[in-house]
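Fold and geometry: a report
Residues per chain are reported as follows:
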Amino acid sequence: LRDATTVRSQRSVLLTLLLPGSLPAMLKIVLLPVGAFAAGADWARIGPWNIFDDQNGKGEAGTLACAASPAKNPDLIYAGGQNNGVSSGIIKSVDGGKHWTRNSKGLWDTRILGVWLHPDAPTGNHVFAGTHSGVYESTDGAASWTLCKETAAWGFVTSFRAGLIGGEPYLLANSEHGILTRRRAASAFSAWQRIESPGGIANNDHLSVVTTGGRTEVLTCIGGWGGGKLYYASLDAPTRATWSGPLKLPDRNYTGWATYPGQSLIFGRCSSPTACGEGVRPIGVFDTLGACQAAVNKTSPPPRGYTYQSKDPTLGGYAGHCYALSAFGPFDLHPQKGVASGRAPGFVAGEEIDCSNAAVDPRDRDHFLFSRGGEFRTYESRDGGRTVSRVASHDVGAFFVLIDSQGWYYTATQDGAFVSRDGGVGWEALHVVMHSRDGRRIDRVPHDYQRIVPDFRGDGIAFPSDQGLHILNRSSDNLTSAVGDMRNTMALSAILSPNEQGSRSLVVNLWDWNVGASWDDGATWAGWAKGEASPGSCGEGGGGQGMGRSRKAIMFHRNHFYNSSDGGRNWARGNLPAPMGAFVYARQPGSRTEPAGACFALFSAPAGQVLRGRSRSSAGGAAGGGGASSPDRDYSPELDDEQEEAGEDEEAAGGPQLYSPGLLPPPRAGSVVHLMTSSDFGGSWSWAPLQPSLQPTGLEVDPTGNGLYAFNADCLSVSSDQGRSWSPCSQAAGLTGRLHQLLVVNTRVMFLTRVGAVPLRTTDGGQSWHELGGCAHLFKHGATLDGSLSWSGRTLVLHGADLGAIGRGEYGTAVWRSTNDGDDWTDETGDLVTISPGPGVWYEDDFYLVTRGEGVTVKRQFER
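This report concerns the structure included in the present document. Just so it is clear, the model here is predicted, and its values are computed rather than measured.

Calculation rules
Residues numbered from 1 in each chain as written. Predicted model: local features only at pLDDT ≥ 70, side-chain atom pairs only at ≥ 80, totals over all residues. Heavy atoms only, no water. Helix = DSSP H or I, 4+ residues; strand = E, 2+ residues; numbered from the N terminus. Rg over C-alpha atoms; globule rule 2.2 N^0.38 Å. Buried < 20%, exposed > 50% of the residue type's maximum accessible area, 1.4 Å probe, protein only. Contact = heavy atoms within 4.5 Å. Pairing = 2+ DSSP bridges. Axes fitted to C-alpha atoms, helices over the stretch in contact; angles between N-to-C directions. Disulfide = S-S within 2.5 Å. Polar contact = N/O pair within 3.5 Å; in protein donor to acceptor, adjacent residues only side chain to side chain. Phe/Tyr/Trp six-rings, centres within 6.5 Å; stacked < 30°, edge-to-face > 60°. Lys NZ or Arg CZ within 6 Å of the ring centre and 35° of its normal. Arc of directions from axis to C-beta. 1 Å grid on protein atoms, 1.4 Å probe; cavity = no way out; pocket = protein on both sides within 12 Å on 5 of 7 lines; lining within 4 Å. Points joined across faces, edges and corners; volume = space filled by probe spheres on them. Salt bridge = Lys/Arg side-chain N within 4 Å of Asp/Glu carboxyl O.

Attention now goes to the overall build of the chain. Looking only at helices and strands, the chain features 5 helices and 69 strands. Relative to a compact globule of 864 residues, whose C-alpha radius of gyration would be 29 Å, the chain shows 30 Å and is just as compact. C-alpha extents for the chain along the principal axes are approximately 90 × 65 × 55 Å. When each of the 864 residues of the chain is scored for burial, the buried share is 59%. Partitioning the contacts of the chain with sequence separation of at least 6, the portion at a separation of at least 24 is 55%.

What follows is the structure, given as structure tokens:
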């Protein structure tokens, strides 16, 4: 097989010979099939990368879920990610993580959950990838991939391990509803088989196995990452296992009170010393534990447990308080100094073990660690689950857990990654240390860890996270960075402005990071300097855009807006009653790009909640008032706890809200859309509700006139007085289907993209609309694509993804360009890998495509 670059080059020559301008446009399309090798020049990926601006290029980057490296070739690393809708494809390094390449030819689903090396291919050329739609296999070092078709119907595949079934070596993988098996000695691309599980397995559960007496067992949580039940599976045959579970603690009958020093039963269950949740009753303040116990014995009805807060002054208002509890469970105790709890005599039913993540000791099947759902602390059992105990020496958040082949314990979550080298007695935090070019030393423990990967370089451990890849160094508590020039961030916007250095300022909203900034068009990512008013309070998420060459810029996230007048160096923040979107701005007379001052946007709010209002941004953005980072606070790209919690809420509500220029996130049922207007480039806003007959999801302006357009799926309306009055919904001939996005070249020529249908064009100012037949092939399977018009209006780009292409064995992302108002089209998809493209942004003749998985990409001189 020839590589893609060679094929593209040879095909380009062929097209020059065979396609004179007189040939029909349809013939041009036939010669450029989607899903073969994508046409067009390669994209430049400009970041954000090397976040923290490390002087040795050892900063951080975007999300990864997995990694693999062979012991005999440790410089070779494969990795990939998928968290929060990212699709990075497989990336590969041959120099230990300094430099990375994209290797996803034939990999139609680039949402990577797992990557693993065949244990009988020591050079590392035989690779497996687990995706949301099955297993892919490569025997040429990820140069090409083939789908194992039998796995496509089994849901996502998360991770791989080796094991024994009936004494014979097998390859194993965990999928959405089972354990996949394949004979280890089988030839490449042989069929997988499946052992059905008693319930769902979370898509971040790394397969944990132990082999005893020639038989492999799997320990896993069944029921989901937020909290499932613990099971063993003894692998009896390639399609059959004996499932033992859910594991349950034994029933116990206690003859007397038991006391638990340093343990609390009320931790997190009381909002004040005398106001507690259900089942917790404050019974008074006492000087001693004995006095509390005596009061508990007199309580009716008899309690099942108690907690006494000693007179220790560090307990504040809780000091001396005694509480009776109506129930006692073995998982209810929480370590706390100066506190003692008790359990009443009588019968206590055994509880099923509730777990989020579990890992068995590869040397002892009865020994395992697990994190408990909801609580996210580490527990241990040494007797196969008959008894469990919380690891009291490790009172930090834990989701992922692992015991390696040397008996070391590991945990990882947003609190950081930790290791115990002595069986859980002592724990050390694992650090990521960087040195920025401005002289700062950055020492980070917290990361958004996505997995703890065993078998890395043999018996090593890797820690993929939303910030890249780091590797355990057994002789140090500092992790080894393997991020290098990785460019795989989840970018959400590209806010571009000219700067005083003669380059471009590029501000990017991100997921898993705070807002990033480059002052040299993506070459470096230093962020804001001390004394500058960054938009640091934005946190992860949000969106925005620049306004031509004016250095004016707008940003918004949640109920806040930010505006800048100096190309993004300093921002002011204002507050809104609801999240805004669909931002557009009016142009100066005679200019298609430069702002006149008037700006428009939309927000939706429950009926009756908001009517008319006004808000102005606060210069300097003090943390307690206007909201952006105060000039005397150092900017950091990492998120603080408050921002992470807010981001988690957004993620739990369905993932990050994606920004698209001119479009409002779908309003909730019963909401009323409000039109926002500004006369000072977005520095202040007023708003009022729109009429019930016009509830738009998008806005657009005519860059050559005074028309302001509003639209939703079923209506296109125009205003000639800046939104004070609106025309009825257009009934023009040919205006059919569900409308998605409006693009205006001038008063007469416009385009409408549609939901699942070919875009429309008008050349008579909207009196009639006609389909763009030249790009119809892009929509034959029901895709919905976005559109972007160049500054001149001469170049139209359609871009987006059709995820249904995965099942058809085609690449789903498409970027097509037309330079004659949609009559003819050129495939510009190039070497893109992600199937999670975002907004397209023009700046002068360059076209930037924002992606989730390859960061911000760009094609220079795209209007040519």
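Now for the pairing of strand E52 (residues 595-606). Most of E52 is tucked away, with 10 of its 12 residues classed as buried. Here 5 bridges tie strand E51 (residues 580-587) to E52, and the two strands are oriented antiparallel to one another. Bridging from a neighbouring strand, Tyr585 pairs with Cys599 of E52. Relative to strand E54 (residues 671-678), E52 is paired through 8 bridges, and the arrangement is antiparallel. In the strand pairing of E54, Cys599 is matched with Ser678.

So, about the sheet that holds strand E58 (residues 715-719). On the basis of which strands lie adjacent, the open sheet formed by 3 strands has the order E56-E57-E58 and antiparallel pairing. Where the open sheet ends on each side, the last strands, each with one partner, are strand E56 (698-701) and E58. Taken over all neighbouring pairs, the strand axes of this sheet differ in orientation by 20 degrees on average, direction set aside.

Should the sulfur atoms of two cysteines be covalently bonded, the bond is a disulfide. Taken as a whole and assessed by the stated rule, the structure comprises 4 disulfides. Put simply, Cys221 and Cys355 are joined by a disulfide, and their sulfur atoms are 2.2 Å apart. Taken as a pair, Cys221 in strand E15 (residues 215-222) and Cys355 in strand E27 (residues 354-355) lie far apart in primary sequence, 134 residues in all. Across the disulfide, Cys270 is cross-linked to Cys276 (sulfur-sulfur distance 2.0 Å). What sets the handedness of the Cys270 and Cys276 disulfide is the S-S torsion sign, and at about 100 degrees it is right-handed. Judged by relative accessible area, Cys270 falls into the buried class, the value being 16%. Cysteine pairing for the chain (bonded cysteines numbered in sequence order): 1-6, 2-3, 4-5, 7-8.

Relative to the helices and strands, Ser138 is located in strand E8 (residues 134-138). Only 2.8 Å separates the side chain of Ser138 from the side chain of Asp140, close enough to count as a polar contact. Among the polar contacts made by the side chain of Ser138, one reaches the main-chain carbonyl oxygen of Ser144 at a distance of 2.8 Å. If we skip the residues at most four places from it in the chain, Ser138 touches Asn125, His126, Val127, Ala143, Ser144 and Trp145.

Tallied over the entire structure, the rule returns 28 aromatic pairs. Summarising the aromatic geometry, the rings of Trp116 and Phe128 are spaced 6.2 Å apart at their centres and angled 35 degrees between planes, so their arrangement reads as tilted. With Trp116 in strand E6 (residues 112-117) and Phe128 in strand E7 (residues 127-131), the pair connects residues that are 12 residues apart, well separated along the chain. Exposure remark for Phe128: the relative accessible area of 0% places this residue in the buried category. Here a set of aromatic residues connected by ring pairs shows up, and it is made of Trp43, Trp842, Phe847 and Phe862. Just above the ring of Phe862 sits the side chain of Arg817; from NZ or CZ to the centre is 5.0 Å.

Right, let's talk about the sheet that holds strand E33 (residues 409-413) for a bit. Taken together, 4 strands build an open sheet; the order of strands is E32-E33-E34-E35 and the sheet is antiparallel. Two strands close off the open sheet at either side, each with one partner strand: strand E32 (400-403) and strand E35 (428-430). Ignoring strand direction, the axes of neighbouring strands in this sheet form an average angle of 25 degrees. Where E33 lies against strand E34 (residues 416-420), 5 bridges are found, and the strand directions are antiparallel. Its bridge partner lying in E34, Ala412 is registered against Ala417.

At 3.6 residues per turn, the α-helix brings residues three or four places apart onto the same side. Taken residue by residue, helix H3 (residues 289-297) has Cys292, Ala295 and Val296 as its buried positions. With its buried residues spanning 105 degrees around the axis, H3 presents them on a single face. Tucked inside the fold, the buried residues of H3 contact strand E22 (280-285), strand E23 (305-309) and strand E24 (321-325).

Glancing now at the side chain of Ser686. Relative to the elements of secondary structure, Ser686 occurs in strand E55 (residues 684-689). If we ignore the near neighbours within four places in the chain, the residues touching Ser686 are Gly613, Arg614, Leu675, Met676 and Thr677.

Take empty space enclosed by the protein next. Summed over all chains, the structure comprises 4 cavities of 30 Å³ or more. Computed from the structure, the largest cavity encloses a volume of approximately 700 Å³. Forming the walls of the largest cavity are 39 residues, and the residues nearest its centre are Gln545, Arg587, Pro661, Glu700 and Leu789. Among the secondary structure elements, those contributing two or more residues to the lining of the largest cavity are strand E47 (543-546), E51, E56, strand E59 (739-744), strand E63 (786-789) and strand E67 (837-843).

Any two side chains of opposite charge can pair, on the condition that their charged atoms come close. Following the criterion strictly, the structure yields 44 salt bridges and no others. Linked through salt bridges whose partners overlap, the residues forming this network are Arg504, Asp521, Arg549, Glu844, Asp846 and Arg860.

Our focus in this paragraph is the environment of Ile835. With respect to the secondary-structure elements, Ile835 resides in the loop between strand E66 (826-827) and E67. Along the chain, Ile835 and Lys149 lie 686 residues apart, while their C-alpha atoms are 20 Å from each other. Beyond its immediate stretch of four places on either side in the chain, Ile835 contacts Ser87, Trp108, Asp109, Thr110, Arg111, Ala801, Leu803, Ile806, Tyr811, Gly812 and Thr813.

The next thing to look at is the pairing of strand E14 (residues 208-212). As judged from the 5 bridges shared by E14 and E15, these two strands associate in the antiparallel manner. Counted as the bridge partner of Val210 is Glu217 from E15.

Before going further, it helps to spend a moment on the environment of Val744. The topology assignment puts Val744 in strand E59. Relative accessible area serves as the criterion here: at 4%, Val744 is assigned to the buried category. Placed 398 residues apart in sequence, Val744 and Gly346 show a C-alpha to C-alpha distance of 77 Å. Not counting residues within four places of it along the chain, the set of residues in contact with Val744 comprises Arg592, Glu700, Val701, Asp702, Pro703, Tyr709, Val749, Met750 and Leu789.

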